[in-house]
Amino acid sequence: MTEDSDDTRRGERIAKWLARAGVASRRDAEKMIAEGRVKLGGKVVETPATFITPGDHVTVDDKPVAAAERTRLFRYHKPAGLVTTHRDPEGRPTVFEKLPPGLPRLVSVGRLDLTSEGLLLLTNDGALARKLELPSNGWLRRYRVRVHGRVEEAALARLAQGVAIEGVQYGPIEAGLDARQGTNAWLTVSIREGKNREIRRVMAHLGLEVTRLIRTAYGPFQLGVLPRGAVEEVNAKVLRDQLGLDAPKRLREVAQAPMVEPPPEGPRRPPRARNAGSGPRRAVRGRERRGRDE
């Protein structure tokens with residue numbers, strides 16, 4: 001008997017259940033259990049191998065957790081200056097504090113670091129988030145990158161063969177020069193692995209300082225013209241076509257966070273990006289726009 005069929009007979013493992021309920025990723029849910037923060041029927045859960053059946057009462061930090069709702073996925077245009085976490089011990093503003101009201105509890109698909117901007121996928125299903133983060137899905141993550149220093153196009157081209165930096169092996173990277181003005185340049189960079197601070201470290205290896213990093217696409221999902229600080233739900237057809245998920249019709253409204261400011265201007269005519277997923281049909285002109293990504 002497979003693990004899945006065994007789980008179906010006995011119920012669902014609590015870590016997986018918590019992930020689907022959008023509390024945290026499955027791995028983080030296991031950490032919560034180890035820390036004694038999860039209770040089932042008023043008793044502390046001691047092992048992630050505990051099974052949940054319909055009607056069970058589960059709490060995290062003594063707060064009740066509702067059963068998982070339908071899986072939902074959102075595109076969010078993260079501004080610089082926000083940490084991709086629910087709580088920051090240093091007190092810095094977080095992505096989840098700045099989301100518009102009315103959204104379900106969400107977790108991020110990967111991360112964008114404090115100073116990085118652009119497309120961040122959010123979901124109420126932690127198991128889905130983990131699945132989408134895995135390099136094995138082969139999804140391309142595309143970035144617009146502003147660098148300071150002397151750009152050698154031949155060095156960029158060699159990144160397609162992969163590169164080893166301080167004992168860390170990075171897979172093939174697609175990088176091309178878009179525009180140059182003095183010692184500053186804009187690049188388009190695409191990666192598939194998303195190792196911690198991968199682009200910044202690779203660029204530093206080439207003698208280039210990253211001064212701005214904007215993710216424009218994550219697999220089939222594209223930033224498009226989504227305003228900074230805004231959130232838009234991925235429509236049902238894309239969930240079915242790209243992820244094999246069923247979902248109701250898309251909520252067409254774009255939720256806009258009140259803290260949004262206009263983004264600073266990038267290169268005058270950035271190259272057009274191919275449409276993907278739920279993104280609009282044209283790329284942003286005149287404005288610029290991570291487990292871990294950048």
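Residues numbered from 1 in each chain as written. Predicted model: local features only at pLDDT ≥ 70, side-chain atom pairs only at ≥ 80, totals over all residues. Heavy atoms only, no water.

Participant: Sorry, what's going on with the overall build of the protein chain here?
Facilitator: Each helix and strand counted, the protein chain has 7 helices and 18 strands in total. A buried classification covers 47% of the 294 residues belonging to the protein chain. (Helix = DSSP H or I, 4+ residues; strand = E, 2+ residues; numbered from the N terminus. Buried < 20%, exposed > 50% of the residue type's maximum accessible area, 1.4 Å probe, protein only.)

Participant: Can you walk me through the sheet that holds strand β5 (residues 58-60) in this structure?
Facilitator: Strand pairing within a sheet occurs via backbone hydrogen bonds; the two strands may be parallel or antiparallel. If you trace the 4 strands from one edge of the open sheet to the other, you get β3-β2-β5-β6, paired in antiparallel fashion. Only two strands of the sheet have a single partner each, and these edge strands are β3 (43-44) and β6 (63-64). Relative to β5, strand β2 (residues 38-40) runs antiparallel, the two being bridged by 3 bridges. Note on β5: the bridge partner recorded for Val-38 is Val-60. (Pairing = 2+ DSSP bridges.)

Participant: Can you help me understand helix α6 (residues 198-205) in this one?
Facilitator: Three- or four-residue spacings in an α-helix give side chains the same orientation, since the helix completes a turn every 3.6 residues. Burial in α6 covers these residues: Glu-198, Ile-199, Arg-200, Val-202 and Met-203. For α6, the secondary structure elements touched by its buried residues are β10 (141-148), α5 (153-158), β11 (163-165), β12 (168-170), β14 (184-191) and β15 (209-218). Immediately downstream of α6, the backbone of Gly-207 shows phi near 80 degrees, a positive value. (Contact = heavy atoms within 4.5 Å.)

Participant: What should I look at first to understand the pattern of salt bridges in this one?
Facilitator: Pairing is possible between side chains that carry opposite charge, provided their charged atoms lie close to one another. A full pass over the atoms with the stated rule returns 15 salt bridges. Glu-232 is paired through a salt bridge with Arg-75; the nearest N and O atoms lie 2.4 Å apart. In this pair, Glu-232 sits in strand β17 (residues 230-233) while Arg-75 sits in strand β7 (residues 73-78), placing the two residues 157 residues apart along the sequence. With a relative accessible area of 1%, Arg-75 lands in the buried category. The residue Lys-195 makes a salt bridge to Glu-193 at a minimum N-O spacing of 3.0 Å. Judged by relative accessible area, Lys-195 falls into the partly exposed class, the value being 28%. What you see here is one network of salt bridges that share partners, running through Glu-35, Arg-37 and Asp-61. (Salt bridge = Lys/Arg side-chain N within 4 Å of Asp/Glu carboxyl O.)

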